[in-house]
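# Structural features, examined
Okay, here's what each chain looks like letter by letter:
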Amino acid sequence: MEQEREHGLEQAMGRMLQIGVMVAALVVLAGGALYLLQFGGSKPDYGHFEGAPAAVSTVSGIVGGALHMDARSLIGFGILLLIATPICRVIFGVVGFAMLRDKLYTAVSAVVLIILLYSFVARR
Amino acid sequence: MNVLDFSLALFVTSLLAGFLGALTGLGGGVVIVPALCLLFKVDLHYALGASLISVIATSSGAAAAYVREGFSNIRIGMFLEVATTLGALLGAYLTAKVSGNWIGVIFGLVLLYSAWMSVHKLYDHPRSSKADPLALRLNLRGSYPVDGREEAYVAEHVPAAFGMMFGAGTLSGLLGIGSGAVKVLAMDEAMKLPFKVSTTTSNFMIGVTAAASAGIYLSHGYILPSLVMPVMLGVLVGSLIGSRTLTHAPVKTIRMAFVVVVVALGVEMIYNGMTGRL
């Protein structure tokens, strides 16, 4: 019985990941098509590191740009969705283990979640 | 060459890398960075960013298929993710501190190691009869189907595996790769898990580990959307095709050919790093 519920949790995690990747890929594709229409004819310049501009290197910058249909921010928004899928998997873990009344692994999943979120608030 | 041609060439190269990576089990991410740096003359840090995002895409994209087989162990995976994500934070932090040439040399060594791991066959170790009390307390056990019946297993050498996983996470953050080969080593050689459990659980963990570095990569400006776009889409499509053609292809010949490519890229990365060209 317990094993069946646990397998159900794994199945739900797997399906969530697959849907997340598909949606993220479609957003990246849409932003990419727009980008190539606008800038396809220009010269590529990736040989020197300058750092991505603020509009595509912060969560608020990306979301703001995507709302204005900026092509690079749209691709960035797809990338954020993609990064969010494994984070959602860990959230699923916290909730799922709590439902299975497994205190130890609810705590373990919560620790992993805190480490993941720290990565986004840490300043360099 | 304009941006359109450049993006198309990147897409095709990434598609091939994803296809061969899935077919051979080496993962496509490991060749993306050397291909971008050596063939396309992309800056190393932008290449790390594009590779890391592709790694998340392939890991999450493949998860559904692995879950269906019922071999992965979510408790062992989640427990070890504490170590890999902490390591990934350290590795991502180090990318801004370590010189590109050193990253290139370390990258080359990891390529050579991955090539060696893929020709060195995994087998199930004889398990010792006395269980690790720490593993029992942490519930690091499970069962998996063998010839129609369930076979039980318990993890061994938990502290050693945890330490190795921290190292795997650091490499993942430093090099923008999944470092699946090191993860499998920790679960296979240290924990003595059945190799089907190690390989599938490792794949499950790769996406979470990479997500831990992603926030830091983003704020460091390594993730350039216009460069990530063709690479991520190419690797994703290639690996989906690769994992579906697994049974009909002459895998052995392709694997040997891919291993030769990986070794050549590894040697070239080490050479470029040592001569200060990265």
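Since the structure is predicted, the reported quantities are computational estimates derived from the model, not experimental observations. Sequence order as written defines the numbering, with residues in each chain counted from 1. Here chains are named by letter from A upward and ligands by number from 1 upward, in the order in which they appear as written. Selection of residues for local features in this predicted model requires a pLDDT of at least 70, selection of side-chain atom pairs for listing and counting requires 80 or more, and totals for whole chains, interfaces and linings are taken over all residues.

## What to know about the overall build of chain A
- If you tally the helices and strands in chain A, you get four helices and zero strands.
- In this text, helices come from DSSP runs of H or I with a minimum length of four residues, and strands from runs of E with a minimum of two, each type numbered from the N-terminal end. Written out in order from the N terminus, the α and β elements of chain A read α-α-α-α.
- Relative to the compact-globule value of 14 Å for 124 residues, chain A shows a C-alpha radius of gyration of 19 Å, a clear excess of over 25%.
- Taken over the C-alpha atoms alone, chain A extends approximately 60 × 30 × 25 Å along its principal axes.
- Per-residue burial over chain A gives 40% buried out of 124 residues.
- Here, residue contact means that the backbone-derived C-beta atoms of the two residues sit within 7 Å. Long-range pairs, those at least 24 residues apart, make up 57% of the contacts in chain A with a sequence separation of at least 6. Only the C-alpha atoms count toward the radius of gyration. The rule for a globule is 2.2 Å times the residue count to the power 0.38. Three classes are used. A residue is buried when 20 or more other C-beta atoms lie within 10 Å of its own, exposed when 12 or fewer do, and partly exposed in between, with C-beta atoms placed from the backbone.

## Brief notes about the overall build of chain B
- Within chain B, the regular secondary structure consists of 11 helices and two strands.
- Its helices and strands in sequence order give chain B the pattern α-α-α-α-α-α-β-β-α-α-α-α-α, from N to C terminus.
- The C-alpha atoms of chain B give a radius of gyration of 18 Å, which matches the 19 Å a tight globule of 278 residues would have.
- Counting only C-alpha atoms and orienting by the principal axes, one finds that chain B spans roughly 60 × 45 × 30 Å.

## Observations concerning the packing of helix H4 (residues 103-121) of chain A against helix H4 (residues 74-95) of chain B
- All axes are obtained by fitting lines to C-alpha atoms, using only the stretch in contact for helices, and the reported angles, taken between N-to-C directions, cover 0 to 180 degrees. Taken N-terminus to C-terminus, the directions of H4 of chain A and H4 of chain B make an angle of 25°; their axes are 9 Å apart at the nearest point. It follows that H4 of chain A is roughly parallel to H4 of chain B by the angle criterion. Considering the relative orientation of H4 of chain A and H4 of chain B, their crossing is left-handed. Taking contact as the criterion, the partners of Tyr105, Val108, Ser109, Val111, Val112, Ile115, Leu116 and Ser119 of chain A in H4 of chain A are, on H4 of chain B, Arg75, Met78, Phe79, Glu81, Val82, Thr85, Leu86 and Leu89 of chain B.
- Charged residues are taken to be Asp, Glu, Lys and Arg, nonpolar residues to be Ala, Val, Leu, Ile, Met, Phe, Trp, Tyr, Cys and Pro, and polar residues to be all remaining types, Gly included. Split into classes, the residues belonging to the contact of H4 of chain A with H4 of chain B amount to 11 nonpolar, three polar and two charged. Orientation is classified from the angle alone, with under 35 degrees giving roughly parallel, over 145 giving roughly antiparallel, 65 to 115 giving roughly perpendicular, and any other angle giving oblique. By convention, the crossing between two helices is left-handed when the near helix turns anticlockwise from the far helix through less than a right angle, and right-handed when the turn is clockwise.

## A closer look at the environment of Thr58 of chain B
Residues and elements named next belong to chain B.
- Mapped onto the elements, Thr58 comes out in helix H3 (residues 44-69).
- By the C-beta count within 10 Å, which is 29 here, Thr58 ends up buried.
- Sequence separation between Thr58 and Ile206 is 148 residues; the distance between their C-alpha atoms is 9.2 Å.
- Those residues in contact with Thr58, other than ones at most four positions away along the chain, are Gly18, Gly27, Gly28, Gly29, Val235, Leu236 and Ser239.

## Some thoughts on the pairing of strand E1 (residues 141-146) of chain B
All names here are of chain B.
- Alignment of E1 against strand E2 (residues 149-154), held across six bridges, turns out to be antiparallel. Note that in E2 the partner of Val146 across the bridge is Arg149.
- Between the antiparallel neighbours E1 and E2 lie two residues, among them Asp147 with a positive phi of about 45°. For two strands to be treated as a pair, DSSP must find at least two bridges joining them.

## Comments concerning the interface of chain A and chain B
- Each partner contributes residues to the interface: chain A has 54 residues there, and chain B has 54 residues.
- Looking at which element gives the most residues to the side of chain A that touches chain B, the answer is helix H1 (residues 2-39) of chain A, with 17 residues.
- Tallied by class, the residues present in the side of chain A that touches chain B amount to 30 nonpolar, 18 polar and six charged.

## Thoughts on the environment of Ser109 of chain A
- Mapping Ser109 of chain A onto the fold places it in helix H4.
- For the pair Ser109 of chain A and Gly96 of chain A, spaced 13 residues apart in sequence, the C-alpha to C-alpha distance is 9.8 Å.
- Leaving out residues up to four positions away in the same chain, Ser109 of chain A has contacts with Val90, Gly93, Val94 and Phe97 of chain A together with Met78 of chain B.

## Quick word on helix H2 (residues 29-39) of chain B
- Counting buried residues along H2 of chain B, nine of its 11 residues qualify, which places the element largely inside the surrounding structure.
- Note on H2 of chain B: the residue one or two positions beyond its end, Lys41 of chain B, has a positive phi of about 55°.

## Comments concerning the confidence of the model for chain A
- pLDDT runs from 0 to 100 and stands for how confident the predictor is about each residue. Per-residue confidence for chain A gives a mean pLDDT of 90, with 96% of residues at or over 70.
- Looking across chain A, the model is least confident in H1 of chain A, with a mean pLDDT of 87, and most confident in H4 of chain A, with 95.

## As for the confidence of the model for chain B
Residues and elements named next belong to chain B.
- Residues of chain B with pLDDT of at least 70 account for 92%, and the chain-wide mean is 88.
- The secondary-structure element of chain B with the lowest mean pLDDT is E1, recorded at 84, while H4 shows the highest, at 96.
- In the model output, the complex is listed with pTM 0.92 alongside ipTM 0.92.

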